[in-house]
Every structure is written in structure tokens, then in C-alpha cells.
Amino acid sequence: MSASALPRRTYLQPTLRVARALLGKILMHETAEGVAAGRIVEVEAYRGPADRAAHSSGGRRTPRNEVMYGPPGHAYVYFIYGMYFCMNVVCQPPGAPEAVLLRALEPLAGIELMRRRRGLPDGPAWRLCRGPGVLCRALGITRAENGADLVRGRLRILDAPRVPAMRVARTARVGIAYAGADALRPWRWLVRATPAVSGRRVA
């Protein structure tokens, strides 16, 4: 793919704006196994210490979330449920721990490689990256990519045309009932009418 990586300044915009802007962009990972890439179709924003759903809620700072406090345009990758990695895009200047979770992709390249990694030799390609955990598995993203530079590294986000407003829906985030009132905030963006979206879809 010949598209350029998104510039660092993209990730310095307000985090909600970054989340919306990431729809339609391309996440690509070059590994020894090959290249895999997909179009971003679902994201969620997490807005730091004041957001009870964020890993940095209340100013929490640990070895696990330290990357969130670093420079923008890097990957924050963490392990959940003892089986899945999830990837976030760090936003804001150092010291402001905000990020955007990548929830789903439409596969574009390396589909056979994704199938091997997922153990899904057949079936529709849209199933391969339908969820934040399987997205990382399909693209070979692990804790080793935590802190990866998304502007210059082998794991990067490429520019692509903006998704038109009429094709974008905005809803509450998924699976964060513990966050109280913050669980109701409409900080999830998705591309309408794509089966690749992981949670509640919108026609």
C-alpha cells in the first residue's frame, strides 16, 4: 500500500475528533509472516482521568497504562480476559492519558494470513477483525507492539478518504456498565451498514 502514514499532528486534535477521523483509515502491520491490513470501521474514545471507563480514570498510572501518558501517535496494547490483546491509539500531548480503542476493521490485505492466525480457513472475510481482541489476533498485534510508533513503525495507520457523515453512526460505548453515567456517553463511532462492526450495528 502506497498511502502515507497519518502525521503526528492528527493525534494532537481533541480525542473525540481523532476517533471520528480514524474511521476509514487503514491499519497495517508488517511482520515476518507478511503484511495484513484493514479499514477501520469502529472505534471508541477514552478521555483520561475524568472518564470512569478509561484505564487512566482518576489519574491512575501503572506500568500497564504508562504508554498512555507518553507521546501521541503510539499504540497502547493491553491484555484482557487472559486471552486477548486490544489496541488503542494514544492521543494528546505527553501527560494527558487519552486514547482511542480500535474495535473493528474491514480486511483489505493479507486475508489468508489473517485466516491462519484466527483459525478460520473459510467463511466471510468480514468476520476476521470483528472485535478488538480478534482484530489484534488477525493482524499479529501483541504486547510486543505496546508503544509502537504508528507514524514511522511497522505497525501504522495510513491515510485514506474520510467516511462521509451520512455513513457514520455514533452510540454509547460497549461493555462498560461499571463506568456509571460515563457509560452513556456517545463516544463510539462506526461505519453504518457494514457487517464487520463488532457490537451494536446501525443500518
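Residues numbered from 1 in each chain as written. Predicted model: local features only at pLDDT ≥ 70, side-chain atom pairs only at ≥ 80, totals over all residues. Heavy atoms only, no water.

Visitor: Outline the pairing of strand 2 (residues 34-46), listing residues and values.
Guide: Of all 13 residues in strand 2, ten are buried; the element is thus mostly enclosed. Bridge count between strand 1 (residues 26-31) and strand 2: six bridges; the pairing is antiparallel. Counted as the bridge partner of H29 is A36 from strand 2. Pairing between strand 2 and strand 8 (residues 188-191): three bridges, direction antiparallel. From the neighbouring strand, E44 faces strand 8, where its bridge partner is R188. (Buried < 20%, exposed > 50% of the residue type's maximum accessible area, 1.4 Å probe, protein only. Helix = DSSP H or I, 4+ residues; strand = E, 2+ residues; numbered from the N terminus. Pairing = 2+ DSSP bridges.)

Visitor: I'd like a description of the state of the cysteines, backed by residues and values.
Guide: Applying the stated rule across the entire model yields zero disulfides. Left unpaired, C136 is separated from the closest cysteine sulfur, that of C86, by 6.0 Å. C136 sits in the buried class, given a relative accessible area of 1%. (Disulfide = S-S within 2.5 Å.)

Visitor: Can you explain unusual backbone geometry? Please cite residues and give values.
Guide: You will see that Q92, though not glycine, has its phi angle at about 75°, which is positive. Of note, Q92 is situated in the loop between strand 4 (84-91) and strand 5 (98-109). Exposure remark for Q92: the relative accessible area of 14% places this residue in the buried category. Even without a glycine there, the phi angle at A193 is positive, about 55°. Inspection of the secondary structure assignment puts A193 in the segment after strand 8.

Visitor: Which residues make up the side chain of R117, and what are the values?
Guide: Within the secondary structure layout, R117 lies in helix 2 (residues 111-118). Among the residues examined, R117 registers a relative accessible area of 16% and is labelled buried. Here the side chain of R117 touches A138 through a polar contact of 3.0 Å, landing on its backbone oxygen. If we ignore the near neighbours within four places in the chain, the residues touching R117 are T31, E33, A36, R137, A138, L139 and G140. (Polar contact = N/O pair within 3.5 Å; in protein donor to acceptor, adjacent residues only side chain to side chain. Contact = heavy atoms within 4.5 Å.)

Visitor: Lay out the packing of aromatic side chains in plain terms, naming residues and giving numbers.
Guide: The description of an aromatic ring pair rests on the distance of the ring centres and on the angle between the ring planes. Under the criterion given, the structure shown has two aromatic pairs. Each ring, one from Y76 and one from Y78, has its centre 5.3 Å from the other, and the planes form 40°; the classification is tilted. Centroid distance F79 to F85: 4.7 Å. Interplanar angle 40°. Geometry classified as tilted. On the basis of relative accessible area, F79 is assigned to the partly exposed category, the value being 40%. Look at F85 and you get partly exposed, because its relative accessible area is 22%. (Phe/Tyr/Trp six-rings, centres within 6.5 Å; stacked < 30°, edge-to-face > 60°.)

Shape descriptors only; they carry no functional weight alone.
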